[in-house]
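Residue-level structure breakdown
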Amino acid sequence: MQAKVTKANYGTPGEKKYCSCEWLSFGLICCGVRKTIPLANRLNTTHCSRGRTLGNVKISQKAIDKPSAVKPKRIPPCLLSVVNSTRLSPFMQRITLTGEALKDFPEGCHGAHIKLFFPQSHQQQPILPTIGPTGVVWPAKENKPVTRTYSVRNYDSQLQQLTVDFVLHDESSPASGWALNARKGDKIGLAGPGGPNPLLAPADWHIISGDMTALPAISAILEMLPEQAQGDVFIEVNNPSERQELTTAAKDIKIHWLYSESQPAGTTSLQLEAIQKISKPASVESISAWVAGENTAVINIRNYLKEKYGLHKKNLYAVPYWRYGFNEEGYHAERHKVMDEVY
C-alpha cells in the first residue's frame, strides 16, 4: 500500500536548498583527482576512475605519486530521461536517469552536488539554460525551469545511468511532486557535479550528521570510506520505516538512527543532543565533520563542534540545505549569509 505524502509528514521545505547562481554563475567545482596525502589517511581523497581501489574508493597511481594537473570535467545543462523510479521508503523515492551527455560525467563523484532543472506546470520537459560568453543565459521567465540541488547517489559509467534519491514531502512541490509522479521517459535537466572536494576531510575520527535530506549524501560517503576509517554517524528520520540499509567498508563506524516521530522535520535538537553524548576516542589526534540538513540544526551542531573540538572550515563541512517554514526562494539570501561566515 502506497504511503500518503503530505506536508505535515515532512514539512514544506524538505528538499535540499541551494540557489542556482552559486554554481552556474561562478563555475562548477567538480570531483577530480585531489592532492596527495599519506595512504594511511586517504579517506575519500580521489575520485579518479583509473588505477587501484582502496575500500570502495578508486585511486589512481598518479594521484598517489603526485598531484594531478588534470582539469575537472564539467557537464553543462543537459536533458536526461527517467529510466526507473523506485520507492525506497514511505518518504524516499529513487530516480534513475540516463542520457547521451552522461558519457562525460566523471566517475566516483557519489555524494557530489548536482543541479536539477524541473519543468514548469505547463511544460512536458524543462527548457534549459545555456552557457554564453559572459555566463548563464536563462530562458524567459515564463519558461525558466525550477532549479534545485540534489546529491549524486550513484553513477554507473557502463550503463551511463545516474541515480538520485528524492525526499517526498509535498505532491505540489516542483521537485518532490515531480519525483513522486515520474515515469519512464520523463525529462529532467542536469548540470554538474560540484561541491566540496573532498566531501569528508581526512582525519583519524569523523562525525557525520544530517536529516533525511542528507541521507543520500551520507550513504555515498559511507560507501567510499576505507576499512580503517572510524567515527560516528547520526541520521534523523521520521521513524524506523525510513531506515535504509547502509554499506561501508569501514570497520569502526557507528550508525545512530534518530527518530523525530510526531515532531516536524527541522524542529528537533535530536542530532545535537546525540552528538553531545559521544566522546572522542583517546587515540584520536585529528577530527573532521560533515553536517547537512535543516538550517537551525546545522548551525547549532556546527557551533558546538567548533567550540568542543576546535574545528573550522578546513575540517568541518556544515551546510544548511533548507530552513523550516521557508521555500527555496525565500531562504536564498539567508543561506548565503550562513555559507559566507568565517570560522
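Right, let's walk through the structure included here. Source: prediction; values computed, not measured.

Looking now at the overall build of the protein chain. Along the backbone of the protein chain there are eight helices and 16 strands. Residue burial in the protein chain is summarised as follows: out of 343 residues, 53% are buried. Of all intrachain contacts in the protein chain linking residues separated by at least 6 positions in sequence, the fraction that spans at least 24 positions is 72%. For the protein chain, the computed accessible surface area is about 15300 Å², with 50% contributed by carbon and sulfur atoms.

Further remarks concern the pairing of strand β10 (residues 161-167). Burial analysis of β10 places six of its seven residues in the buried class, the great majority of the element. Looking at chain direction, strand β9 (residues 154-156) and β10 are connected through three bridges and run antiparallel. Residue pairing for β10: N154 is matched across the bridge by T163. Linking β9 to β10, which pair antiparallel, is a turn of four residues; within it Q160 sits at a positive phi near 60 degrees.

Another aspect to go through is the side chain of E294. Within the secondary structure layout, E294 lies in strand β15 (residues 287-294). Put simply, E294 is tucked away with no salt bridge, and the nearest opposite charge, on R323, sits 5.4 Å away. In this structure the side chain of E294 is engaged in a polar contact, spanning 3.2 Å, whose partner is the backbone nitrogen of A297. Apart from the residues lying within four places of it in its own chain, the contact partners of E294 are D211, G266, W322, R323 and Y324.

Further remarks concern the environment of L222. For L222, the position within the fold is in helix α5 (residues 215-224). The buried category is assigned to L222, whose relative accessible area is 1%. For the pair L222 and I253, spaced 31 residues apart in sequence, the C-alpha to C-alpha distance is 8.7 Å. Apart from the residues within four sequence positions on either side, L222 is in contact with V233, L246, T247, T248, A249, I253 and I255.

What follows covers α5. For an α-helix, the turn length of 3.6 residues means that residues three or four places apart are oriented alike. The buried fraction of α5 is high, at nine of ten residues. Those residues of α5 lying buried are L215, P216, A217, I218, S219, A220, I221, L222 and M224.

About the cut-offs
Throughout this description, residue numbers start from 1 for each chain and increase along the sequence as written. With the structure being a predicted model, the display of local features is reserved for residues of pLDDT at least 70 and the display and counting of side-chain atom pairs for 80 or more, all residues being used for whole-chain, interface and lining totals. Here the side-chain values reflect all heavy atoms present in the structure, with hydrogen atoms and water set aside. Put simply, DSSP H or I for four residues or longer makes a helix, DSSP E for two residues or longer makes a strand, and each gets a number counted from the N terminus. Summary of the burial criterion: residues with accessible area below 20% of their type's maximum are buried, those above 50% are exposed, and those between are partly exposed, where the area comes from a 1.4 Å probe applied to protein chains only. Residue contacts follow a heavy-atom distance rule, with two residues in contact if any of their heavy atoms lie within 4.5 Å. All accessible areas in this document rest on Shrake-Rupley with a 1.4 Å probe, and a residue is counted as covered only by the protein chains that are shown. Only strands joined by at least two bridges in the DSSP assignment are considered to pair. Here the positive residues are Lys and Arg and the negative ones are Asp and Glu; neither His nor the chain ends is included. By salt bridge we mean one thing: a side-chain nitrogen of Lys or Arg within 4 Å of a carboxyl oxygen of Asp or Glu. Whenever a nitrogen or oxygen atom comes within 3.5 Å of another N or O atom, the pair is scored as a polar contact, on the condition that within protein one atom can donate a hydrogen and the other can accept it, and that pairs from neighbouring residues in sequence are kept only if both atoms are in side chains.

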